[in-house]
Amino acid sequence: MTDRIKAMASRWTVAVPVLAVVLLVLTWGRTLPGVVVVVVTLVLAGAVLAAVHHAEVVAHRVGEPFGSLVLAVAVTVIEVALIVTLMLDGGDKSATLARDTVFAAVMITCNGIVGISLLVGSLRHKTAVFNSEGTGAALATVTTLATLSLVLPTFTTSKPGPEFSTVQLTFAAVASLSLYGLFVATQTVRHRDYFLPVAKQGETSGPEEEHAEAPSTRTALISAGLLLLALIGVVGLAKGVSPTIESGVQAAGLGHGVVGVIIALLVLLPETIAAVRAARRNHVQTSMNLALGSAMASIGLTIPAVALASLWLPGALVLGLGSTHMVLLALTVVVSALTVVPGRATPLQGGVHLVLLAAYLELAINP
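The model shown is predicted, which means the values in this text are computed figures rather than measured ones. Counting restarts for each chain, with residues numbered from 1 along the sequence as it is written. Selection of residues for local features in this predicted model requires a pLDDT of at least 70, selection of side-chain atom pairs for listing and counting requires 80 or more, and totals for whole chains, interfaces and linings are taken over all residues. To obtain the side-chain values, all non-hydrogen atoms of the structure were included, while hydrogens and water were left out.

## Here we look at the overall build of the chain
Next up, step 1: Every helix listed is a DSSP run of H or I at least four residues long, and every strand listed is a run of E at least two residues long, numbered separately from the N terminus. When you go through the chain residue by residue, the secondary structure sums to eleven helices and two strands.
Next up, step 2: Counting helices and strands in the order they occur from the N terminus, the chain gives α-α-α-α-β-α-α-α-α-α-α-β-α.
Next up, step 3: Counting all 367 residues of the chain, 50% fall into the buried class.
Next up, step 4: We call two residues in contact when some of their heavy atoms are within 4.5 Å. Contacts spanning at least 24 positions in sequence make up 84% of the contacts within the chain whose residues lie at least 6 apart.
Next up, step 5: Accessible surface for the chain amounts to roughly 16,600 Å². Of this, 68% is attributable to carbon and sulfur atoms. Exposed residues in this analysis have more than 50% of their type's maximum accessible area, buried residues have under 20%, and partly exposed residues fall in between, with area computed by a 1.4 Å probe over protein chains only. In this description, accessible areas are obtained by the Shrake-Rupley approach with a 1.4 Å probe, and a residue is regarded as covered only by the protein chains that are shown.

Put into structure tokens, the structure is as follows:
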């Protein structure tokens, strides 16, 4: 019976990514009626679950901390493609699209994914344990990237408004790529042990703690391809239903920034599910790698990409945050630092992060 269930699961995780891409091709650039929107939404949800499955297969094959990089980088690359595609549509709304999307990703990862992972891990295992050295290094990198790319433009004077000049934008892009590359080298080569799951006593968990046999190289490569298809389907279909979402948001009298929040929530759902599953297995460090790595990749890859795209895209590129969002970012950094320093957390810390996410969402809906 178990083998039969596994076979069925294997079939649907192969079929759904392919179906998502086919549906994307059929609906791309078209106005979707209500019934089709419902079908697209169902396939979108299935593609999210399939992406989680294939990401875990690849992660199990390559091991930590490489595994947590797979989903973070894959999602971010396609997130960048989505942002640039939407910016190509033009209009005044595209000026703040990159800023809104990146900030939404930072808040969702640093408060949402971190909060729910700590809550699940601590409730299931009494205390959520992780490596403070590796997590602290990741948090410091995220904080620096967010400040350079999202806070400083508000205070520069070379151009009117919260924008960088060309030279400043070039520096921010190069600095973002450099910091991200340095962190990846630190995480995967020089100090790899800082990012491995830790046991209750503080020792890193070795490969022997994995009960399931690692998949073959062929299986991992197939899953990697299907993961890419699923993520393309998730982001592409999210773009397809975004006009419906925009119409609903507009009809409800909400700000346009809510659209970016909704799409970011959809795009980051695979990482959220993967992080919660890791926390349930008492691998909270993997959850932290996913959360902070995704935030870092979202800034470190998105800002250089939109900086390059801005050379031929019309209109301004507004990156600077407003005062309300800067307060939320500062509070997130302070709370995250207090969470990371001890290397262990209780349900209280998870709850605090989730309240910060709720405050961000509430202010996005009701500024």
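The discussion continues.
## Remarks on the pattern of salt bridges
Next up, step 1: Only one rule defines a salt bridge in this text: a Lys or Arg side-chain nitrogen within 4 Å of an Asp or Glu carboxyl oxygen. By the definition in use, this model includes two salt bridges.
Next up, step 2: Put simply, D100 and R99 hold a salt bridge, and the shortest N to O gap is 3.2 Å.
Next up, step 3: Overall, D100 belongs to the buried group, its relative accessible area being 16%.
Next up, step 4: Here E163 and K159 are joined by a salt bridge, their closest N and O atoms 3.4 Å apart.
Next up, step 5: A relative accessible area of 33% means that K159 is categorised as partly exposed.

## Quick notes on the environment of V249
Next up, step 1: Relative to the assigned elements, V249 resides in helix α7 (residues 217–251).
Next up, step 2: With a relative accessible area of 8%, V249 lands in the buried category.
Next up, step 3: V249 sits 116 residues away from I365 along the chain, and the two C-alpha atoms are 9.3 Å apart.
Next up, step 4: Look past the residues within four positions of V249 in its chain and what remains in contact with it is L254, G255, V258, V259 and I262.

## Some thoughts on helix α6 (residues 166–190)
Next up, step 1: By this rule, a helix spans an expected 1.5 Å times one less than how many residues it contains. Compared with an ideal rise of 1.5 Å per residue, which puts 25 residues at 36 Å, α6 spans 34 Å between its outermost C-alpha atoms and is within 8% of the ideal.
Next up, step 2: All of the buried residues in α6 are L169, A172, A173, A175, S176, Y180, F183, Q187 and T188.

## Thoughts on unusual backbone geometry
Excluding glycine, residues mostly carry a negative phi; peptide bonds, for their part, are mostly trans.
Next up, step 1: Even without glycine at this site, K126 takes up a positive phi of about 75°.
Next up, step 2: Residue classification places K126 among the exposed residues on the basis of a relative accessible area of 73%.
Next up, step 3: Phi at N282 takes a positive value of approximately 70°, unusual for a residue other than glycine.
Next up, step 4: Along the chain, N282 falls in the loop between α8 (257–280) and α9 (284–309).

## Some points on the packing of helix α2 (residues 34–62) against α8
Next up, step 1: Their axes nearest at 9 Å, the elements α2 and α8 cross at an angle of 45°. Considering their axes alone, α2 and α8 lie oblique with respect to each other. Taken as a pair, α2 and α8 cross one another with a handedness that is right-handed. Contacts from L44, V48, L49, A51, V52 and E56 in α2 reach L266, L269, P270, I273, A274 and R277 in α8. Between N-to-C directions, angles cover 0 to 180 degrees, with each direction set by a line fitted to C-alpha atoms, over the stretch in contact for helices. The labels follow the angle: roughly parallel below 35 degrees, roughly antiparallel above 145, roughly perpendicular from 65 to 115, and oblique for the rest. The handedness criterion is simple: a crossing whose near helix is rotated anticlockwise from the far helix by less than a right angle is left-handed, and one whose near helix is rotated clockwise is right-handed.

## Digging into a nonpolar patch on the surface
Next up, step 1: On the surface, a cluster of nonpolar side chains totalling about 250 Å² of accessible area is made up of V18, V22 and L26.
Next up, step 2: Within the secondary structure, V22 is located in helix α1 (residues 2–27).
Next up, step 3: Classification of V22 as partly exposed rests on a relative accessible area of 43%. Within the patch definition used here, like charges are joined within 9 Å and nonpolar side chains (Val, Leu, Ile, Met, Phe, Trp, Tyr) within 5 Å, considering only residues with over 30% relative accessible area and no salt bridge.

## Notes on helix α10 (residues 323–340)
Note: α-helices contain 3.6 residues per turn, so residues at a spacing of three or four share the same orientation.
Next up, step 1: Helix length check: α10, at 18 residues, gives a terminal C-alpha distance of 26 Å against a target of 26 Å (1.5 Å per residue), a fit within 8%.
Next up, step 2: All buried positions along α10 are accounted for by M326, L328, L329, T332, V335, S336, T339 and V340.
Next up, step 3: Turning to α10, the residues buried within the fold contact α4 (97–125), α5 (132–155), β2 (344–345) and α11 (347–365).

## Observations concerning the nonpolar core
Next up, step 1: Here the nonpolar core consists of buried residues drawn from Ala, Val, Leu, Ile, Met, Phe, Trp, Tyr and Cys, with membership extended through side-chain atoms lying within 4.5 Å. By size, the foremost hydrophobic cluster in this structure holds 52 residues, and its most contacted members are M87, F103, M296, I299, L317, L329 and Y360.
Next up, step 2: Take this core: its biggest share by element is ten residues, from α4.
Next up, step 3: Non-local contacts of M87, meaning those with residues more than four positions away in its chain, are made with S94, L97, V306, L313 and L317.
Next up, step 4: Counting residues in hydrophobic clusters, the runner-up holds 30 residues, among them L24, A51, I78 and V249.

## A closer look at the packing of α8 against α9
Next up, step 1: At a minimum axis separation of 7 Å, α8 and α9 run at an interaxial angle of 160°. Comparing the axis directions of α8 and α9 gives the class roughly antiparallel. For the element pair α8 and α9, the recorded crossing hand is left-handed. Across the interface between the two elements, E271, A274, A275, A278 and A279 from α8 touch V284, T286, S287, L290 and S294 from α9.
Next up, step 2: Lys, Arg, Asp and Glu make up the charged group, whereas Ala, Val, Leu, Ile, Met, Phe, Trp, Tyr, Cys and Pro make up the nonpolar group; the residues left over, Gly among them, are polar. Taken together, the residues of the contact of α8 with α9 sort by class into six nonpolar, three polar and one charged.

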